[in-house]
Amino acid sequence: MGQVFAKMGNNKSAGGSWIKAELLKGYSHSGMLQTITRLFNFFRVKGLPKDWNELLLVSVHKNGSADNPNNFRGILLMPVLSNAFSQLILKRMEGMVDQ
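Residues numbered from 1 in each chain as written. Predicted model: local features only at pLDDT ≥ 70, side-chain atom pairs only at ≥ 80, totals over all residues. Heavy atoms only, no water.

*Asks:* Let's hear about the overall build of the protein: which residues, and what values?
*Replies:* Helix and strand content of the protein: four helices and two strands. Burial status across the protein gives 23% buried among its 99 residues. Partitioning the intrachain contacts of the protein with sequence separation of at least 6 by distance along the chain shows that 51% fall at a separation of at least 24. (Helix = DSSP H or I, 4+ residues; strand = E, 2+ residues; numbered from the N terminus. Buried < 20%, exposed > 50% of the residue type's maximum accessible area, 1.4 Å probe, protein only. Contact = heavy atoms within 4.5 Å.)

*Asks:* Explain the side chain of Asn71 to me, and be specific about the residues and the numbers.
*Replies:* Along the chain, Asn71 falls in the loop between strand S1 (56-61) and strand S2 (72-77). A distance of 2.9 Å separates the side chain of Asn71 from the backbone oxygen of Ser65, its partner in a polar contact. Apart from residues lying up to four places away in sequence, Asn71 is in contact with Val60, His61, Lys62, Asn63, Gly64 and Ser65. (Polar contact = N/O pair within 3.5 Å; in protein donor to acceptor, adjacent residues only side chain to side chain.)

*Asks:* Can you tell me about the environment of Ile75, naming the residues and giving the values?
*Replies:* Locating Ile75 in the fold gives a position in strand S2. Overall, Ile75 belongs to the partly exposed group, its relative accessible area being 28%. Spatially, the C-alpha atom of Ile75 lies 6.3 Å from that of Ser59, the residues being 16 residues apart in sequence.

*Asks:* Lay out a nonpolar patch on the surface with the relevant residues and their values.
*Replies:* A cluster of nonpolar side chains, Leu55, Leu57 and Leu76, forms an exposed patch at the surface whose accessible area comes to about 320 Å². With respect to the helices, strands and loops of the structure, Leu57 is situated in strand S1. (Patch = residues over 30% accessible without salt bridge, like charges linked within 9 Å, V, L, I, M, F, W, Y side chains within 5 Å. Areas by Shrake-Rupley, 256 points an atom, 1.4 Å probe, with all protein chains shown as cover. Salt bridge = Lys/Arg side-chain N within 4 Å of Asp/Glu carboxyl O.)

*Asks:* Please provide a residue-by-residue account of helix H3 (residues 29-46), values included.
*Replies:* Helical periodicity: at 3.6 residues per turn, an α-helix aligns residues three or four positions apart in one direction. With 18 residues, H3 ought to run about 26 Å at 1.5 Å a step, and its terminal C-alpha atoms sit 25 Å apart, in line with that. Listing the buried residues of H3 in full gives Gly31, Met32, Ile36, Leu39, Phe40 and Phe43. Across the axial projection of H3, the buried residues extend over an arc of 165°, all falling on one side. Facing away from the buried side of H3, by more than 90 degrees, are the exposed residues Arg38, Arg44 and Val45. (Expected span 1.5 Å × (residues − 1). Arc of directions from axis to C-beta.)

*Asks:* Mind laying out the environment of Asn71, listing which residues take part and the relevant values?
*Replies:* Judged by its relative accessible area of 15%, Asn71 is buried. Sequence-wise, Asn71 and Val60 are eleven residues apart; in three dimensions their C-alpha atoms are separated by 8.6 Å. Looking at Asn71, its side chain comes within polar contact range of the main-chain oxygen of Asn63, at 3.4 Å.

Structural measurements only, silent on function.
In structure tokens form, the structure reads like this:
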């Protein structure tokens, strides 16, 4: 879990959830474990939050003329907890595939 949180960038958008990666990084190991356990238990009962299915695509100007659409790139913003949860599941699946 700590590896997932450590990989998350600082000073990034919270993605609409208002929970920033820095908050999760500040947890102790036992705090992370409690949070993740509570999230998994909540998801078993209630399912994933609906706003986790809503991603925000933002166009960011790279360089050159702002009139040219090719001078923009898309950035996809997703809630930080959704991203962390996805990364945890991916890590677990990678461990199962490697075995």
